[in-house]
Amino acid sequence: MKFAVSVFLMLFIWCHAPLSVTATVAVDTPSSPDAQNLQQWHPGKDGIVALSGPWEFYWNRLLEPGDFAGGMPDQPLTVSVPAEWKSYTIDGQALSNEGYATYRMKFVISGETGGRPLGLYVPNVASAYRLWINGEHLGGNGTVGTDSASMIPRSHPKVYSFVPRPGDNELIIQVSNFAQRTGGIWETVELGDADKIASLHRNRVLVWAFLTGCLLVMAVFSVFLYLFRKQDRSALWFGVICLAICTRSSLLGESFVYVLFPGLSWEWGVKLEYFSEIATILSLAAFVNKQYPQEATVRLFRFFAAALAGFGLFVLVAPARVYTHFMLPYVIVLLLPVFLYVMYVYIRAALRHRTGSRTNVIGFLGFFATVIHEMMYYTGLVPFGGLVSFGLLFFLLTQLLNLSLLFTRAIARSELLSVELSKVIESQEETIRQRTSDLQSLNVQLEQGNRELSRIENVRSALLAEVYHDLSTPITAMKGFSKAIHTAVIPQEEAPAYAGRIYERSLMLEKLIDNVLELSQLNTGEIQFQFVEVPLLPLLRQWSDGYAAEASAQGVGLIWEEPDLPLPPGQELLAVLDPFRFERVFANLISNAVKYTPGDGRIRVWTEFAPAADPDHGPVVVIHVADSGIGIPEEALPHIFKRRYRVPGIHQTKAGSGLGLAICKEIVARHQGEIGVKSIIGEGSDFYITLPVIVCASKAGAEAYAEGGYDGNDDSAD
Ligand code: ADP
């Protein structure tokens, strides 16, 4: 905002600096009533002076220097300049702005000033003139005539230089106007040092050219913005505003466009001036609509657009002489309402705290102030005008400021977003990595599961294949026996014996099926173990006592040998085991020992304690079930714990499935233990189980086992 204000002030001061000098020079009261006395004026020191008069004014006369040879040809009006003709009166009647007239003025300069070149700045004169100084024809603009047909309008500032005479000098200007609303010398004629007048003109041209150039660059920039981002129409409208004001600036002020394009007629120049103004107003309203669509009233805009287009058409077809008379209604009916509409939209946007709306209000207020100033100039309330273009420039600068802010913010936001996006992508990548690794581990688990399932399936089918023969043999026998009974092939009295054999076979079959099922479930991990911490020795003692009777029924003695453990007093051994399953192992070993020990044989159950060898291996107890039976051949020992293995030659005499020891091995392994055997043929076998134990202070449980047995309700289940 500060930048916009500074640029505006700089341009304004640069452009109007010479005018301020003009305003400060005191014009002496003329020594004679018909001459402007400039005897005290020093062009080099005092600067430029306005030739405000008094001027002789000859209405409807085109007089030349020769016409004044014999004095004044007519009684003239005495007028001051600048002024429009219609402000002069003859016999109380205001003159028309259409007509022709001759201005004549005398100015008196000192002998010192005389003889040195002076410059004359002749501004816009409506709408053609011819000029003489001291009888010499210096030039003019357009063609002066006595009616619209004979005159050619042309109006833009020009500079003349001449060498004045010391004392009286005479300036004659013929002016005619049949082309537009304004008539006469309506802007200030200035006199000064020739160089100063030339530089005044040059500076003004430079300022207007600079202004026009700025606007052109802004227009091109905005159009490019629009072309690159077509969804933002506000940039396009902003570009149109800039272009329209650029065109207007080249036509106003020093009107340098006529120098650039000498072929451009005055009529089309004025049309262009009006078109550019209409385009400015129209695109301004459209621009504001796009800037703040929620605050805009589109219906109002459409009305303005239609009215402005209509006026534009009128300007196109009508001559300047006609349409320039509609300047005031145009300003009041169209220009002011559109300005108020724009102001209304901006104020609404500011009240709603829209982006850049406050800057807009300030910029537009500045612009609006220059418009009011221009109106005051045209109505003679202020001495100079031409600020509108600067006001517009100021407004456009504020818009540029807004645009830059918007772009900067957009870029900053997009940078922020890209940083956030890369963070999101990073985190997404991390999540994807995590998910992928989860999926991979899930996949591994699934593969393991699949392998486990196929292993289980293989175990089952292998087991079934292995036991098929043992299953089918008793069934075949049972079928044969039962058929024999049924068909009375055997004598009646032998039938009970056959029925007894059928019963035996069915018991065998039942046991076999139980074993197969148990082993299969052990192999597949389907059996859930209920591990509890139990005092080991009381438990073994209790089981030994329990199976002793069973063994003695077979004529075999079973002895529990109380161990002599190297434990401190008050300490005991605890084992983590499933009592139900572990008893199955114990029972199987006892059962085998009884089965393979002839009568009068002996079975010893005893234990060894091995303290912790190192921190990685805790203490263990080795439980022995040793018999004095038939023993196992050495070559059979490596196979003894395999499924369906039976020592050759033995199974014919002893019933069995060959699954018992395989089941024992599985159960012991699930207790983190090991099972093994030592045997000498003919002397007996020693089956031993190595089991991890915990040494701890004895508790009541120990006594409970010693006295009543274990009830299996230990809460310390694993
Ligand atoms: P089975 O039901 O045949 O006894 P096991 O798996 O329990 O099946 O035993 C496998 C084989 O190991 C037996 O067939 C037997 O030959 C041999 N065996 C097991 N225990 C003893 C033992 N205490 N003395 C001699 N041989 C044994």
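Quick summary incoming for the structure in this document. Predicted, not measured: the structure shown is a model, and the values here were computed from it. (Residues numbered from 1 in each chain as written. Predicted model: local features only at pLDDT ≥ 70, side-chain atom pairs only at ≥ 80, totals over all residues. Heavy atoms only, no water.)

1. Side note on the pattern of salt bridges
Where charged atoms from two side chains of opposite charge approach closely, those side chains can pair.
Argument step 1. One pass over the full model with this rule turns up 15 salt bridges.
Argument step 2. R433 serves as the salt-bridge partner of E430, at 3.0 Å between the closest nitrogen and oxygen. Residue E430 and its partner R433 are both found in helix α11 (residues 388–486); the two are separated by three residues, about one turn of the helix.
Argument step 3. The exposure class assigned to E430 is partly exposed, which follows from its relative accessible area of 39%.
Argument step 4. The closest approach of N and O atoms between R581 and E518, which form a salt bridge, is 3.7 Å. Within this pair, whereas R581 is found in helix α14 (residues 579–595), its partner E518 is found in helix α12 (residues 495–524), the two being separated by 63 residues in sequence.
Argument step 5. Judged by relative accessible area, E518 falls into the buried class, the value being 10%.
Argument step 6. Here the salt bridges share partners, and the residues they tie into one network are E56, R104 and E170. (Salt bridge = Lys/Arg side-chain N within 4 Å of Asp/Glu carboxyl O. Helix = DSSP H or I, 4+ residues; strand = E, 2+ residues; numbered from the N terminus. Buried < 20%, exposed > 50% of the residue type's maximum accessible area, 1.4 Å probe, protein only.)

2. What about the packing of helix α7 (residues 298–317) against helix α9 (residues 327–351)?
Argument step 1. The N-to-C vectors of α7 and α9 enclose an angle of 145°; their axes lie 11 Å apart at closest approach. Crossing hand, α7 versus α9: left-handed. Counting all contacts with α7, which are made through L300, F301, F304, A307, L308 and F311, the residues of α9 involved are Y330, L334, P337, V338 and Y341.
Argument step 2. Residues that form the contact of α7 with α9 fall into these classes: 11 nonpolar, no polar and no charged. (Axes fitted to C-alpha atoms, helices over the stretch in contact; angles between N-to-C directions. Left-handed = near helix turned anticlockwise from the far one by under 90°. Contact = heavy atoms within 4.5 Å. Nonpolar A, V, L, I, M, F, W, Y, C, P; charged D, E, K, R; others polar.)

3. Describing the pairing of strand β16 (residues 571–577)
Argument step 1. Burial runs high along β16: five of the seven residues are buried.
Argument step 2. Pairing between β16 and strand β20 (residues 684–697): five bridges, direction antiparallel. The residue of β20 that forms the bridge with L573 is V695. (Pairing = 2+ DSSP bridges.)

4. What about unusual backbone geometry?
Argument step 1. In the segment running from V81 into P82, the intervening peptide bond is cis, with an omega of 10°.
Argument step 2. Examined against the element boundaries, P82 turns out to sit in the loop between β4 (77–79) and β5 (89–90).
Argument step 3. Residues A126 and S127 are joined by a peptide bond in cis, for which omega reads -5°.
Argument step 4. Note on placement: S127 falls in the loop between β8 (118–122) and β9 (128–133).
Argument step 5. In this structure, S255 is a non-glycine residue whose phi angle is positive, near 45°.
Argument step 6. In this fold, S255 is placed in the loop between α4 (233–251) and α5 (257–260).

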